[in-house]
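Analysis of the macromolecular model
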Amino acid sequence: AQKITQTQPGMFVQEKEAVTLDCTYDTSDPSYGLFWYKQPSSGEMIFLIYQGSYDQQNATEGRYSLNFQKARKSANLVISASQLGDSAMYFCAMREGPQGTSYGKLTFGQGTILTVHP
Amino acid sequence: NAGVTQTPKFQVLKTGQSMTLQCAQDMNHEYMSWYRQDPGMGLRLIHYSVGAGITDQGEVPNGYNVSRSTTEDFPLRLLSAAPSQTSVYFCASGKIYEQFFGPGTRLTVL
């Protein structure tokens, strides 16, 4: 079974609009973390945002927020006020392992290509 | 503070050749890992390390070796390159809330 599922191969959004990229996950570990990365066409992996399984509030970082619905096992990325530079591949990833340690392995989804139109 | 560095950026090998991909970080992170990314796919974990002298296998370890003699360095060795190992290789280091990736090495095996 897929541990991380990103069901949207591609998404389109108009500049300045908000967009939601979907991510669902599967784990039986009560302690886990969820990450979102951006991979522009240049190829580097850029860390965007992190949500821990015990965090009470949704994570936010600037224009990025993570809509964390634990019971549904979903961790959707919301990008507000899209910019042309947001066009990229976006990956959701999960770390299973106890918080408070640095141990953990990331499992990645297949990614979603976001295209921002002017 | 250079972050995570990888060398080389590009490499072409012939089938059967061996080589080492270098990875170094200057953030004093305990945790380091190697991933490969194939076209149209997410990253898959090859090997990882939770500290000097400690390594373990990830999802796709066959054909690769690692060692971790220092906190800073985590080289990945290809023992006998095969065309199936053509990929982009990323090294990462981090802590619980962040995982920083290097710029990647694009490897082609002919």
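The preceding data block contains the structure.
These lines cover the structure that appears in this document, whether it is placed above or below. (Residues numbered from 1 in each chain as written. Chains lettered and ligands numbered in written order. Predicted model: local features only at pLDDT ≥ 70, side-chain atom pairs only at ≥ 80, totals over all residues. Heavy atoms only, no water.)

Here we come to the overall build of chain B. A tally of regular secondary structure across chain B gives zero helices and 11 strands. The secondary structure elements of chain B, listed N-terminal to C-terminal, are β-β-β-β-β-β-β-β-β-β-β. The C-alpha radius of gyration of chain B comes to 13 Å, within 12% of the 13 Å expected for a compact globule of 110 residues. C-alpha extents for chain B along the principal axes are approximately 35 × 25 × 25 Å. (Helix = DSSP H or I, 4+ residues; strand = E, 2+ residues; numbered from the N terminus. Rg over C-alpha atoms; globule rule 2.2 N^0.38 Å.)

Turning next to the side chain of Ser74(A). Summarising the element assignment, Ser74(A) is placed in strand β9 (residues 74-79). Contacts of Ser74(A), omitting those with residues within four sequence positions, involve Cys23(A), Thr24(A), Tyr25(A), Asn67(A), Phe68(A) and Gln69(A). (Contact = heavy atoms within 4.5 Å.)

Before going further, it helps to spend a moment on the nonpolar core. Residue and element names in this part refer to chain A. Residues Tyr 25, Leu 34, Trp 36, Ile 49, Leu 77, Tyr 90 and Leu 114 are the most contacted members of the largest nonpolar core, which totals 24 residues. Among the secondary structure elements, those contributing two or more residues to this core are β3 (19-21), β5 (32-39), β6 (46-52), β8 (64-69), β9, β10 (88-96) and β12 (112-117). In terms of residue count, β10 provides more of this core than any other element does, four residues in total. Sequence-distant contacts of Tyr 25, that is, excluding residues within four places in its chain, are made with Lys 3, Ile 4, Tyr 32, Leu 34, Phe 68, Gln 69, Lys 70, Lys 73, Ser 74, Ala 75 and Met 94. (Core = buried A, V, L, I, M, F, W, Y, C linked by side-chain atoms within 4.5 Å. Buried < 20%, exposed > 50% of the residue type's maximum accessible area, 1.4 Å probe, protein only.)

Below, the discussion takes up the layout of surface pockets. If you add up the space inside the largest pocket, you get close to 530 Å³. If you go around the largest pocket, you meet 27 residues; those closest to its centre are Gln39(A), Gly43(A), Gln37(B), Val88(B) and Arg106(B). At the level of elements, β10 of chain A together with β9 (87-95) and β11 (105-109) of chain B are the ones that each hand at least two residues to the lining of the largest pocket. For the lining of the largest pocket, the element with the highest residue contribution is β11(B), accounting for four residues. Considered class by class, the residues forming the lining of the largest pocket number 11 nonpolar, 12 polar and four charged. (1 Å grid on protein atoms, 1.4 Å probe; cavity = no way out; pocket = protein on both sides within 12 Å on 5 of 7 lines; lining within 4 Å. Points joined across faces, edges and corners; volume = space filled by probe spheres on them. Nonpolar A, V, L, I, M, F, W, Y, C, P; charged D, E, K, R; others polar.)

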